[in-house]
Structures are given as C-alpha cells and as structure tokens.
Amino acid sequence: MGRSGMRWCWPCCRFGPRQRKHLCRNGWLSNLSNLVYLDLSKNSLTGSLPSFHVCSKLESIDLLDNYLTGSLSHLDFGSLTNLSDLILDQNLFSGSIPHHIFLLPSLSYLSLAYNEFSGEIEEFPVVNDLRELDLSNNRMKGPLPSSFFRFQNISVLSLSENSFDGAFQLRKIQSLSKLKVLDLSNNNLSINTTISSSNSDGFPQFSMLHLASCNIYEFPYLGEQSSLVTLDLSNNHIGGDIPSWIWEAGKDYLNLSFNLLTGLEKPRFVAHVTYLDLQSNKLLHSTLLSSILTSPNVSDSVILLANNQLTGVIPTSICNCNASSLSVLDLSFNNLSGSIPPCLIEKDLVREVLNLRGNKISGVIPDQFSRLTGDECWKQQP
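Worth saying up front: this structure is predicted, and the values here are computed from it rather than measured.

Draft legend 1. Just the pattern of salt bridges, in detail. Considering all chains together, one arrives at four salt bridges under this definition. Between Lys42 and Asp65 there is a salt bridge; the shortest N-O distance is 4.0 Å. Residue Lys42 is located in the loop between β2 (37-39) and β3 (60-62), and its partner Asp65 is located in the loop between β3 and β4 (69-70); the two are separated by 23 residues in the primary sequence. Looking at Lys42, the relative accessible area reads 46%, which means it is partly exposed. Residue Asp65 is classed as buried on the basis of its relative accessible area, which comes to 17%. In this structure, the salt-bridge partner of Asp129 is Arg131, at a minimum N-O distance of 2.6 Å.

Here it is, written out as structure tokens:
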C-alpha cells in the first residue's frame, strides 16, 4: 500500500538510496532530539530497530524496504506522542506486534506489511484517529481484534495474507462510513456476508473490496456501491447466478473465479469492466458468453472464462454488432463446439491472446490468422 501526500517536515534526516548502514551503530539518533521527519526507506539498512525515546518530536518514521530484523516488543514507543506515521513495510521484522503501538495518541497511518510478524493481537482501547492500517503479508493468527473495527475514521484496512481465523460478521464494518479499502483475503476466516438490502444504505462506499478465500457462501449485497471499482470474491463457495446489480457500476477489476457460479441473473447486461475473471466455475450456457462478448463496455478488456462448462458454439452474434475489441479472451477447457467465427479475426475482436484450448472446436483454421502480425498469439485445442 502506498502512502501519498506525505508532508515535508524540518528538521529531517534522509539516507540516499541503498546506502549500507547499521541502523543502531554509533548511537547517532541520540544527537537528533529535534528530529521531526525520518525517512530511511529503500536502502540496505540492517540490524534491529533502535529506541526513539530521545526523538520525542518525531511525527513520521519511514523505514520501508530495508533488511531490518528483530522484534518490536522490547521497544518503548511511549515518548512518541506526536508520531502520526509509522511505516515499516518490506523488512524482516518478526515476533509479535505489541499492542502499545496501537495506543500512540497521534497515530493515523500504520503499515507493517511484508514482514514476518506472528502471534495474536490483543484487544486494545481506541485512543487515536487511525486512518490507514496495513498488516498484510505476515504470519498473524487468531481472531480479528474487534478493536480494528472501532476506528471510526479508518479508510484503509488491509489484513490479507495472514492466518487470522474464526468467524467474522461483515456487518461489523457497517458503522465505518469512511472505509474505502478492505482486504481480508487469504486468511483462515469464515465470513458471514449477510447484509439485507434495507440495511445497505449505511454501508461504507468502497473503492476496493477483497474477500478472496474467506469461506463465503453467498454474495454480499453491494447494490448501492457506486464507487466500487475493484472486487475480489474469488476462491469461495458462492453458487447460483451472478447478480445483475454487480454490473451497475463499472469496474477495473472483478474476480469471481474458483466459485460455483452457473450463470448471469437477468437482465443479462455487462457494464464496463477492464479485467473480468470467471475461471473455474460451473458456467453453463453460451448465451452468457454472448452477453459478455457483445457488450460495448468491454473494450480492451481481459476476459477469462476457462475451466467452466460452457456448451454450444461461439456465438456468431458477436459478428453482427459493434462489439468491442478485447485484449485477452480465454475460453479454454470448456465444451464449446462448432467452428471459429472468422469475424474474431476479421474485425480484430481479440488483439493479443485468444485461447480456445481443450474444447471441441472443429473445422478449418480461418485464413485470417495468416494476417496476424507482431506479438499476437492464439491457442486452439492440442
């Protein structure tokens, strides 16, 4: 997760890129009692995190992308009452995350992603106005602390790629009106997504919602999400039809792969989508394929429909409309039959990758393939 809008403060301390230094050597921090802004990111710093107790005026610490090791549990952050931003991403820190980090009174941005932190996080009282929290890609376990969902102004909460476990009710976030980004993917959670449409008005307006591999059995109702551009519900147990409301707002990224989906709810209309992944479901009918391919809203899109149960022919209706040109179309390992519509090539409907492998396609290879140039490629059945 990136941090934008970082303000410049003075006095400050910076190291040039990839300078090799040991962070604790020579006690150099003891001479910087007036330090406000510390940016040592993207270097090759080694060793453990020093104590910042003499730097009580610090408002921002950025040590992203180094080789720092050790635990944080022995450190006393109590003197850092002005600290707003603590960024320790992409290091080699280990051990538990001490709960007193969450008690820093001025803390608004905390990012500890891509480390080796482990253990459980104790419940703690909410004493600050934390806006962004990223603990992704660690080894955390245990239940999600309820304290995380008491930060009333939090806008980004990313806890993915850990081993958090237990049941979680999605309605817990209903009061977090400022929440824009929520990522709970790839833990050991079982998320109950039951939210009635009558209660959805007070739900946060997400821009990104990632709930992959969360043991979800039904779609959360997101019909009022006008700002949602990135949605990942992949690798769950969601069956039935894809609801029509999912297309009401255009999306840059929609991943529903590795579920049990069978079709599209009527009316079958596909809104703008740049990346659509429906691989490894139980999608059945080529009418679904026609609904997607004839949509004028998928220009330059990636459409992935491999490993489903699509039957019938590739619909010729795509030749009779102003279908948009796709970047990638993957229909491999279905039960499609018939021939390859020449218009796929004549009208340049697939510009980069066409994958029809593992179907029952018959007939001749269209002559139009001989006119392909550049890096274009296509795959039929072996």
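Draft legend 2. View of the packing of aromatic side chains. One pass over the structure, following the stated rule, counts ten aromatic pairs. Pairing Phe102 with Phe124 gives two aromatic rings, centres 4.6 Å apart and planes at 5°, and the pair type is stacked. One end of the pair, Phe102, is in the loop between β6 (92-95) and β7 (109-111); the other, Phe124, is in the loop between β8 (116-119) and β9 (132-134), with 22 residues separating them in the sequence. Classification of Phe124 by relative accessible area gives buried; the value is 4%. On the numbers, 5.1 Å between centres and 15° between planes, the contact of Tyr253 with Tyr275 is stacked. Of the two residues, Tyr253 is situated in strand β18 (residues 251-255) and Tyr275 in strand β20 (residues 273-277); the sequence distance between them amounts to 22 residues. Aromatic ring contacts, followed pair by pair, group Phe102, Phe124, Phe148 and Phe151 into a single cluster.

Definitions and limits used
Residues numbered from 1 in each chain as written. Predicted model: local features only at pLDDT ≥ 70, side-chain atom pairs only at ≥ 80, totals over all residues. Heavy atoms only, no water. Salt bridge = Lys/Arg side-chain N within 4 Å of Asp/Glu carboxyl O. Helix = DSSP H or I, 4+ residues; strand = E, 2+ residues; numbered from the N terminus. Buried < 20%, exposed > 50% of the residue type's maximum accessible area, 1.4 Å probe, protein only. Phe/Tyr/Trp six-rings, centres within 6.5 Å; stacked < 30°, edge-to-face > 60°.

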